[in-house]
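# An overview of the molecular structure
For reference, the chains in residue letters:
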Amino acid sequence: MVTVLLIFHALVSIALIGAVTHQAAGTFREPTPPQTFLGRFAATRGAPYTNTIIILFLINCALGNLVYPQYRLDVRPTLEDLNMRSANGIFEIKEHLAMIGAFMLPVYWLIWRTPLIPEAATARRWLTTILAFIVWWNLVVGHILNNIRGFGQ
């Protein structure tokens, strides 16, 4: 059952990464018509992604909380036995960043609420970029730790 939850957790993470990266790229786009692949990738209206990103983030946190006891029982002791303190440390950072991201969501929702306030463009850009960093960090760290000592081994 934990393996199924972990796979679902990873799939939700991938969907979340796609949405938040797309939105973050859109905050940095130039007002000129997109001519390149990256320009077309960034040529998006970010506001419609907001509720989806919030829902995916909260689902992902909930799934992470369901998988966490198994991590504490199986993976973390193995990392400690192998003297891999840095791996445990980056997971601790992952947990903290997830909570920081969760607490950022109400402000994130307010600044992306339509109609968009032009004066909040810089806040939207950087808040979305920070949220994208948190999501990317958490996916990469979770994937690396699962590769070091995956569940069910």
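Read on for an overview of the structure. (Residues numbered from 1 in each chain as written. Predicted model: local features only at pLDDT ≥ 70, side-chain atom pairs only at ≥ 80, totals over all residues. Heavy atoms only, no water.)

### Observations concerning the packing of aromatic side chains
- Counted according to the given criterion, the structure contains 5 aromatic pairs.
- What links up through ring pairs into an aromatic cluster is the set Tyr 68, Tyr 71 and Phe 91.
- The ring of Trp 112 has Arg 124 sitting right over it, with the charged end atom 5.6 Å from the ring centre.
- Seen from the ring of Phe 28, Arg 125 lies directly overhead, with NZ or CZ sitting 4.9 Å from the centre. (Phe/Tyr/Trp six-rings, centres within 6.5 Å; stacked < 30°, edge-to-face > 60°. Lys NZ or Arg CZ within 6 Å of the ring centre and 35° of its normal.)

### A few points about the packing of helix 4 (residues 85-112) against helix 5 (residues 121-148)
- Viewed as axis vectors pointing N to C, helix 4 and helix 5 meet at an angle of 150 degrees, and their least axial separation amounts to 9 Å. Between helix 4 and helix 5, the crossing angle belongs to the class labelled roughly antiparallel. In the packing of helix 4 onto helix 5, the handedness of the crossing is left-handed.
- Here the contact of helix 4 with helix 5 is built from residues that sort into 23 nonpolar, 4 polar and 2 charged. (Axes fitted to C-alpha atoms, helices over the stretch in contact; angles between N-to-C directions. Helix = DSSP H or I, 4+ residues; strand = E, 2+ residues; numbered from the N terminus. Parallel < 35°, antiparallel > 145°, perpendicular 65-115°, else oblique. Left-handed = near helix turned anticlockwise from the far one by under 90°. Nonpolar A, V, L, I, M, F, W, Y, C, P; charged D, E, K, R; others polar.)

### Considerations on the nonpolar core
- Among the nonpolar cores identified, the biggest contains 26 residues, and Ile 53, Phe 57, Tyr 108 and Leu 131 are the most heavily contacted of them.
- Contributions of two or more residues to this core are made by helix 1 (2-27), helix 3 (50-81), helix 4 and helix 5.
- Not counting chain neighbours up to four residues away, the residues in contact with Leu 131 comprise Val 20, Ile 53, Phe 57, Gly 101, Met 104, Leu 105 and Tyr 108.
- Counting residues in hydrophobic clusters, the runner-up holds 7 residues, among them Tyr 71, Val 75, Val 141 and Leu 145. (Core = buried A, V, L, I, M, F, W, Y, C linked by side-chain atoms within 4.5 Å. Buried < 20%, exposed > 50% of the residue type's maximum accessible area, 1.4 Å probe, protein only. Contact = heavy atoms within 4.5 Å.)

### Comments concerning unusual backbone geometry
- Cis rather than trans, the peptide bond between Thr 114 and Pro 115 has omega equal to 0 degrees.
- A positive phi angle, close to 60 degrees, is found at Asn 83, a residue other than glycine.
- The residue Asn 83 is located in the loop between helix 3 and helix 4 in this model.

### Things to note about the environment of Thr 50
- Position of Thr 50 among the secondary structure elements: in helix 3.
- Residue Thr 50 is classed as buried on the basis of its relative accessible area, which comes to 2%.
- Discounting residues that sit within four places of it in the chain, Thr 50 has contacts with Gln 23, Tyr 108, Trp 109 and Trp 112.

### Quick look at the layout of surface pockets
- As a volume, the largest pocket reaches approximately 770 Å³.
- His 9, Gly 64, Phe 91, Lys 94 and Gly 142 are the residues nearest the centre of the largest pocket, which is lined by 31 residues in total.
- Mapped by element, the contributors of at least two residues to the lining of the largest pocket are helix 1, helix 3, helix 4 and helix 5.
- Here the element with the most residues in the lining of the largest pocket is helix 3; it accounts for 9 residues. (1 Å grid on protein atoms, 1.4 Å probe; cavity = no way out; pocket = protein on both sides within 12 Å on 5 of 7 lines; lining within 4 Å. Points joined across faces, edges and corners; volume = space filled by probe spheres on them.)

Geometry only, nothing functional implied.
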